[in-house]
Amino acid sequence: MTKHSYDKEFKEQAVQYYLDNKDHMTMNEISKNLGIRASTLHKWIKLFTETGEFGWIEVNI
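Residues numbered from 1 in each chain as written. Predicted model: local features only at pLDDT ≥ 70, side-chain atom pairs only at ≥ 80, totals over all residues. Heavy atoms only, no water.

1. Remarks on the pattern of salt bridges
Side chains that differ in charge, positive against negative, can pair when their charged atoms come close. Condition: When a carboxyl oxygen of Asp or Glu is within 4 Å of a side-chain nitrogen of Lys or Arg, the pair counts as a salt bridge. Counting from the N terminus, the helices are DSSP H or I runs at least four residues long and the strands are E runs at least two residues long. When accessible area is computed with a 1.4 Å probe and restricted to protein chains, residues below 20% of their type maximum are described as buried, those above 50% as exposed, and intermediate ones as partly exposed.
A complete count under the given rule lists 1 salt bridge for this structure. Of the charged contacts in the structure, one is a salt bridge between Glu50 and Lys46, with a shortest N-O distance of 3.1 Å. Residue Glu50 and its partner Lys46 are located together in helix H3 (residues 38-51), separated by 4 residues, close to a single helical turn. Under the relative-accessibility criterion, Glu50 is labelled exposed at 58%. A residue is classified by how much of its surface remains accessible, and Lys46, at 43% relative accessible area, is partly exposed.

2. So, the packing of aromatic side chains
Threshold: Each Phe, Tyr or Trp ring, with Trp reduced to its six-membered ring, pairs with another whose centre is within 6.5 Å; inter-plane angles below 30 degrees give stacked pairs, above 60 give edge-to-face pairs, and intermediate values give tilted ones.
Here the structure, examined in full by the defined rule, presents 3 aromatic pairs. Considering the side-chain rings of Tyr6 and Phe10, the 5.0 Å spacing of their centres and the 20° angle between planes classify their relative orientation as stacked. Note on Phe10: relative accessible area 24%, which makes it partly exposed. Seen from their ring centres, Tyr6 and Trp44 are 5.4 Å apart, and the 75° between their planes marks the pair as edge-to-face. Of this pair, Tyr6 sits in the segment before helix H1 (8-21) while Trp44 is found in helix H3, placing the two residues 38 residues apart along the sequence. Using a relative accessible area of 4% as the deciding quantity, one classes Trp44 as buried. Taken together, the aromatic side chains of Tyr6, Phe10 and Trp44 make up a single cluster linked through ring pairs.

So, in structure tokens, the structure goes:
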């Protein structure tokens, strides 16, 4: 299995996409649309909400 490397911008956009769509799509649907695993997206969301790495993200999970 190939390990992918995603840049900061893609991760930010993925988390924002999740936040924008979480009320009407599942995590699996969102991650499929992004072409990543749900576990990867979940990890990024957890990281960003715990560390506040991206100040623009307002999280209501």
